[in-house]
Amino acid sequence: MKLDVIKLDGGKAGDIELSEDLFGLEPRADILHRVVRWQRNNAQAGTHKVKTRSETSYSTKKIYRQKGTGGARHGDRNAPIFRKGGIYKGPTPRSHGHDLPKKFRKLGLRHALSAKAKAGELVVIEDAAAEGKTAALAKQVANLGWKRALVIDGASVNEGFLKAAKNIEGLDILPTMGANVYDILKRDTLVITKSGVEALEARLK
(Lines give C-alpha, C1' and ligand atoms only; values in the text may rest on other atoms or scores of the structure.)
Protein backbone atom coordinates (compact mmCIF):
# COMPACT_ATOMS: atom_id res chain seq x y z
CA MET A 1 0.00 0.00 0.00
CA LYS A 2 1.15 3.52 -0.79
CA LEU A 3 1.04 6.45 1.62
CA ASP A 4 2.03 10.11 1.24
CA VAL A 5 5.09 11.26 3.14
CA ILE A 6 4.89 14.73 4.71
CA LYS A 7 7.29 17.11 6.44
CA LEU A 8 6.76 18.58 9.89
CA ASP A 9 5.82 21.90 8.29
CA GLY A 10 2.98 20.15 6.42
CA GLY A 11 4.67 20.08 3.01
CA LYS A 12 4.75 16.95 0.86
CA ALA A 13 7.89 14.84 0.59
CA GLY A 14 6.84 12.16 -1.92
CA ASP A 15 5.30 8.81 -1.05
CA ILE A 16 6.31 5.46 0.43
CA GLU A 17 5.40 1.83 -0.25
CA LEU A 18 4.30 0.13 2.98
CA SER A 19 4.54 -3.62 3.45
CA GLU A 20 1.18 -5.43 3.36
CA ASP A 21 2.51 -7.88 5.96
CA LEU A 22 2.84 -5.02 8.47
CA PHE A 23 0.20 -2.49 7.50
CA GLY A 24 -2.30 -4.45 5.40
CA LEU A 25 -3.59 -7.14 7.77
CA GLU A 26 -7.20 -7.38 8.94
CA PRO A 27 -6.89 -6.34 12.63
CA ARG A 28 -8.02 -8.95 15.15
CA ALA A 29 -9.25 -7.69 18.52
CA ASP A 30 -8.48 -11.00 20.26
CA ILE A 31 -4.79 -10.85 19.31
CA LEU A 32 -4.48 -7.19 20.35
CA HIS A 33 -6.26 -7.94 23.64
CA ARG A 34 -3.90 -10.78 24.53
CA VAL A 35 -0.78 -8.69 23.84
CA VAL A 36 -2.06 -5.62 25.73
CA ARG A 37 -3.04 -7.83 28.68
CA TRP A 38 0.45 -9.39 28.68
CA GLN A 39 2.04 -5.91 28.66
CA ARG A 40 -0.11 -4.49 31.44
CA ASN A 41 0.25 -7.57 33.66
CA ASN A 42 4.04 -7.45 33.32
CA ALA A 43 3.98 -3.76 34.25
CA GLN A 44 1.95 -4.36 37.42
CA ALA A 45 4.09 -3.97 40.54
CA GLY A 46 2.42 -6.71 42.57
CA THR A 47 3.51 -5.12 45.87
CA HIS A 48 0.15 -5.69 47.60
CA LYS A 49 0.50 -7.13 51.09
CA VAL A 50 -1.63 -7.69 54.20
CA LYS A 51 -0.61 -8.88 57.66
CA THR A 52 -1.47 -12.40 58.73
CA ARG A 53 -2.20 -13.36 62.35
CA SER A 54 1.51 -14.07 62.92
CA GLU A 55 2.47 -10.52 61.83
CA THR A 56 -0.08 -8.30 63.60
CA SER A 57 1.13 -6.38 66.65
CA TYR A 58 -0.83 -7.74 69.58
CA SER A 59 -0.30 -9.97 72.60
CA THR A 60 -0.22 -13.72 72.00
CA LYS A 61 -1.80 -14.33 75.41
CA LYS A 62 -5.06 -16.29 75.53
CA ILE A 63 -7.76 -13.66 76.14
CA TYR A 64 -9.68 -15.68 78.74
CA ARG A 65 -9.87 -19.21 80.06
CA GLN A 66 -11.09 -22.03 77.90
CA LYS A 67 -14.13 -23.10 79.88
CA GLY A 68 -16.71 -21.66 82.23
CA THR A 69 -17.20 -18.18 80.68
CA GLY A 70 -20.28 -18.99 78.64
CA GLY A 71 -18.59 -17.43 75.61
CA ALA A 72 -16.96 -18.98 72.56
CA ARG A 73 -13.49 -20.51 72.82
CA HIS A 74 -10.68 -18.13 71.76
CA GLY A 75 -6.93 -17.93 71.75
CA ASP A 76 -5.25 -14.53 71.25
CA ARG A 77 -6.60 -11.33 69.68
CA ASN A 78 -4.59 -11.79 66.48
CA ALA A 79 -7.21 -14.21 65.12
CA PRO A 80 -8.96 -13.06 61.88
CA ILE A 81 -12.34 -13.05 63.66
CA PHE A 82 -11.34 -10.01 65.74
CA ARG A 83 -11.11 -6.37 64.71
CA LYS A 84 -7.48 -5.46 63.89
CA GLY A 85 -6.64 -9.15 63.79
CA GLY A 86 -4.71 -10.85 60.98
CA ILE A 87 -6.18 -11.15 57.48
CA TYR A 88 -6.91 -14.66 56.26
CA LYS A 89 -5.74 -15.54 52.74
CA GLY A 90 -5.12 -11.90 51.78
CA PRO A 91 -2.90 -10.70 48.90
CA THR A 92 0.86 -11.26 49.12
CA PRO A 93 3.66 -9.79 46.93
CA ARG A 94 3.80 -11.65 43.63
CA SER A 95 4.40 -11.18 39.93
CA HIS A 96 1.27 -10.83 37.79
CA GLY A 97 3.28 -11.43 34.59
CA HIS A 98 2.76 -14.38 32.30
CA ASP A 99 4.51 -15.68 29.22
CA LEU A 100 3.56 -14.88 25.63
CA PRO A 101 5.49 -16.38 22.68
CA LYS A 102 7.75 -13.97 20.82
CA LYS A 103 6.05 -14.81 17.50
CA PHE A 104 2.68 -13.84 18.98
CA ARG A 105 4.09 -10.54 20.29
CA LYS A 106 5.38 -9.73 16.80
CA LEU A 107 2.00 -10.66 15.34
CA GLY A 108 0.29 -8.32 17.82
CA LEU A 109 2.54 -5.43 16.74
CA ARG A 110 1.73 -6.09 13.09
CA HIS A 111 -2.00 -6.06 13.86
CA ALA A 112 -1.65 -2.82 15.86
CA LEU A 113 0.10 -1.12 12.91
CA SER A 114 -2.53 -2.48 10.52
CA ALA A 115 -5.34 -1.24 12.80
CA LYS A 116 -3.96 2.30 12.67
CA ALA A 117 -3.49 2.14 8.90
CA LYS A 118 -7.03 0.84 8.37
CA ALA A 119 -8.53 3.54 10.62
CA GLY A 120 -6.70 6.27 8.68
CA GLU A 121 -4.73 7.22 11.79
CA LEU A 122 -1.28 6.51 10.34
CA VAL A 123 1.02 9.34 9.23
CA VAL A 124 4.48 8.95 7.71
CA ILE A 125 6.89 11.90 8.02
CA GLU A 126 10.24 12.43 6.35
CA ASP A 127 12.13 12.78 9.62
CA ALA A 128 11.61 13.84 13.23
CA ALA A 129 14.20 16.58 13.68
CA ALA A 130 13.96 19.86 15.59
CA GLU A 131 16.25 22.49 17.12
CA GLY A 132 15.08 21.81 20.65
CA LYS A 133 12.53 24.67 20.83
CA THR A 134 9.19 23.55 22.26
CA ALA A 135 7.20 26.55 20.98
CA ALA A 136 8.21 25.95 17.35
CA LEU A 137 7.42 22.22 17.48
CA ALA A 138 4.14 22.79 19.36
CA LYS A 139 3.02 25.15 16.57
CA GLN A 140 3.85 22.55 13.90
CA VAL A 141 2.04 19.80 15.82
CA ALA A 142 -1.05 22.01 16.25
CA ASN A 143 -1.07 22.88 12.53
CA LEU A 144 -0.91 19.17 11.66
CA GLY A 145 -3.86 18.49 13.99
CA TRP A 146 -2.10 15.97 16.24
CA LYS A 147 -3.78 16.01 19.66
CA ARG A 148 -2.72 12.62 21.05
CA ALA A 149 0.12 11.25 18.92
CA LEU A 150 2.91 8.69 19.19
CA VAL A 151 6.01 9.32 17.07
CA ILE A 152 8.13 6.27 16.22
CA ASP A 153 11.61 7.11 14.92
CA GLY A 154 14.46 4.90 13.69
CA ALA A 155 17.09 3.16 15.82
CA SER A 156 17.61 6.36 17.83
CA VAL A 157 15.62 9.53 18.47
CA ASN A 158 16.84 12.99 17.47
CA GLU A 159 17.96 14.77 20.66
CA GLY A 160 16.62 18.17 19.60
CA PHE A 161 13.21 16.70 18.74
CA LEU A 162 13.06 14.78 22.03
CA LYS A 163 13.96 17.89 24.02
CA ALA A 164 11.37 20.03 22.20
CA ALA A 165 8.62 17.42 22.59
CA LYS A 166 9.05 16.82 26.33
CA ASN A 167 6.74 19.68 27.33
CA ILE A 168 4.08 19.05 24.68
CA GLU A 169 1.07 17.33 26.19
CA GLY A 170 -0.15 14.29 24.28
CA LEU A 171 3.03 13.79 22.24
CA ASP A 172 5.20 10.72 22.89
CA ILE A 173 8.40 9.70 21.10
CA LEU A 174 9.86 6.19 20.94
CA PRO A 175 12.71 4.56 19.01
CA THR A 176 11.81 1.55 16.87
CA MET A 177 12.79 -0.97 19.54
CA GLY A 178 10.41 0.75 21.97
CA ALA A 179 7.39 0.40 19.68
CA ASN A 180 4.69 -1.62 21.42
CA VAL A 181 1.02 -2.49 21.00
CA TYR A 182 -0.27 -0.67 24.10
CA ASP A 183 1.31 2.70 23.29
CA ILE A 184 0.27 2.48 19.63
CA LEU A 185 -3.39 1.79 20.47
CA LYS A 186 -3.48 4.35 23.30
CA ARG A 187 -2.82 7.31 21.00
CA ASP A 188 -5.19 8.72 18.38
CA THR A 189 -2.49 9.24 15.73
CA LEU A 190 0.50 7.05 14.92
CA VAL A 191 3.36 8.99 13.31
CA ILE A 192 6.30 7.05 11.88
CA THR A 193 9.42 8.46 10.23
CA LYS A 194 10.74 6.94 6.98
CA SER A 195 13.69 5.47 8.88
CA GLY A 196 11.21 4.16 11.47
CA VAL A 197 9.23 2.33 8.76
CA GLU A 198 12.43 0.70 7.45
CA ALA A 199 13.50 -0.31 10.96
CA LEU A 200 10.06 -1.75 11.78
CA GLU A 201 10.04 -3.78 8.56
CA ALA A 202 13.49 -5.14 9.44
CA ARG A 203 12.40 -5.94 13.02
CA LEU A 204 9.13 -7.63 12.11
CA LYS A 205 10.02 -9.44 8.89
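Shown above is the structure to which this text applies.
Quick look at the structure, then.

Cut-off values and rules
- Residues numbered from 1 in each chain as written.
- Predicted model: local features only at pLDDT ≥ 70, side-chain atom pairs only at ≥ 80, totals over all residues.
- Heavy atoms only, no water.
- Helix = DSSP H or I, 4+ residues; strand = E, 2+ residues; numbered from the N terminus.
- Rg over C-alpha atoms; globule rule 2.2 N^0.38 Å.
- Buried < 20%, exposed > 50% of the residue type's maximum accessible area, 1.4 Å probe, protein only.
- Contact = heavy atoms within 4.5 Å.
- Salt bridge = Lys/Arg side-chain N within 4 Å of Asp/Glu carboxyl O.
- Core = buried A, V, L, I, M, F, W, Y, C linked by side-chain atoms within 4.5 Å.
- Patch = residues over 30% accessible without salt bridge, like charges linked within 9 Å, V, L, I, M, F, W, Y side chains within 5 Å.
- Areas by Shrake-Rupley, 256 points an atom, 1.4 Å probe, with all protein chains shown as cover.
- Lys, Arg positive; Asp, Glu negative; His and termini not counted.
- Charge placed at Lys NZ, Arg CZ, Asp CG, Glu CD.
- Phe/Tyr/Trp six-rings, centres within 6.5 Å; stacked < 30°, edge-to-face > 60°.
- Lys NZ or Arg CZ within 6 Å of the ring centre and 35° of its normal.
- Pairing = 2+ DSSP bridges.
- Axes fitted to C-alpha atoms, helices over the stretch in contact; angles between N-to-C directions.
- Left-handed = near helix turned anticlockwise from the far one by under 90°.
- Nonpolar A, V, L, I, M, F, W, Y, C, P; charged D, E, K, R; others polar.

**A look at the overall build of the protein**
Of the regular secondary structure elements, the protein holds seven helices and six strands. Ordered by position from the N terminus, the helices and strands of the protein form the series β-β-α-α-α-β-α-β-α-β-α-β-α. Taken over C-alpha atoms, the radius of gyration comes to 27 Å for the protein, far larger than the 17 Å a tight globule of 205 residues would show. By principal-axis analysis of the C-alpha atoms, the protein measures approximately 95 × 40 × 25 Å. When burial is assessed residue by residue, the protein has 38% of its 205 residues classed as buried. Once local pairs closer than 6 in sequence are excluded, the contacts in the protein between residues at least 24 apart make up 69%.

**A few points about the pattern of salt bridges**
A complete count under the given rule lists nine salt bridges for this structure. In this structure, the salt-bridge partner of Asp172 is Arg187, at a minimum N-O distance of 2.6 Å. Of the two residues, Asp172 sits in strand β5 (residues 171-174) while Arg187 sits in the loop between α6 (181-186) and β6 (189-193), which places them 15 residues apart along the sequence. Asp172 gets classed as partly exposed once you look at its relative accessible area, which sits at 27%.

**Observations concerning the nonpolar core**
By size, the foremost hydrophobic cluster in this structure holds 30 residues, and its most contacted members are Phe23, Leu113, Ile152, Ile184, Leu190 and Ile192. Filtering out sequence-adjacent residues up to four positions away, Ile152 remains in contact with Leu174, Pro175, Thr176, Ala179, Ile184, Leu190, Val191, Ile192, Thr193, Gly196 and Leu200. Leu8, Val141, Val151 and Ile168 belong to the second largest nonpolar core, which has 18 residues in total.

**Digging into a negative patch on the surface**
On the surface, Asp15, Glu17, Glu20 and Asp21 cluster together to form a negatively charged patch. Of all the secondary-structure elements, those providing two or more residues to the negative patch are β2 (12-17) and α1 (20-23). For Glu17, the position within the fold is in strand β2.

**Describing the packing of aromatic side chains**
Within a pair of aromatic rings, the relevant descriptors are the distance that separates the centres and the angle that separates the planes. Applying the stated rule across the entire model yields zero aromatic pairs. Above the face of the Tyr182 ring, Arg40 is positioned so that its terminal group lies 4.3 Å from the ring centre. Across from the ring centre of Phe82, 4.6 Å away, lies the NZ or CZ of Arg77, which sits over that ring.

**Digging into the sheet that holds strand β4 (residues 149-152)**
Pairing is mixed in the open sheet, where six strands are placed in the order β2-β1-β3-β6-β4-β5. The open sheet is flanked by β2 and β5, the only strands paired with a single partner. The average angle at which neighbouring strand axes cross in this sheet is 30 degrees, direction not considered. With two bridges joining them, strand β1 (residues 2-6) and strand β3 (residues 122-125) adopt parallel strand pairing. Counted as the bridge partner of Ile6 is Ile125 from β3. Taken strand by strand, helix α7 (residues 194-203) contacts β1, β2, β3, β4 and β6, and its axis lies near 90 degrees from that of β6.

**Some points on the packing of helix α2 (residues 29-43) against helix α3 (residues 102-118)**
As a packed pair, α2 and α3 sit with axes 9 Å apart at the nearest point and diverge in direction by 115 degrees. Taken as a pair, α2 and α3 cross one another with a handedness that is left-handed. When α2 is examined against α3, the residues Ile31, Leu32, Arg34, Val35 and Trp38 are found in contact with a partner set consisting of Phe104, Arg105, Leu107, Gly108, His111 and Ala112. Taken together, the residues that form the contact of α2 with α3 break down as seven nonpolar, two polar and two charged.

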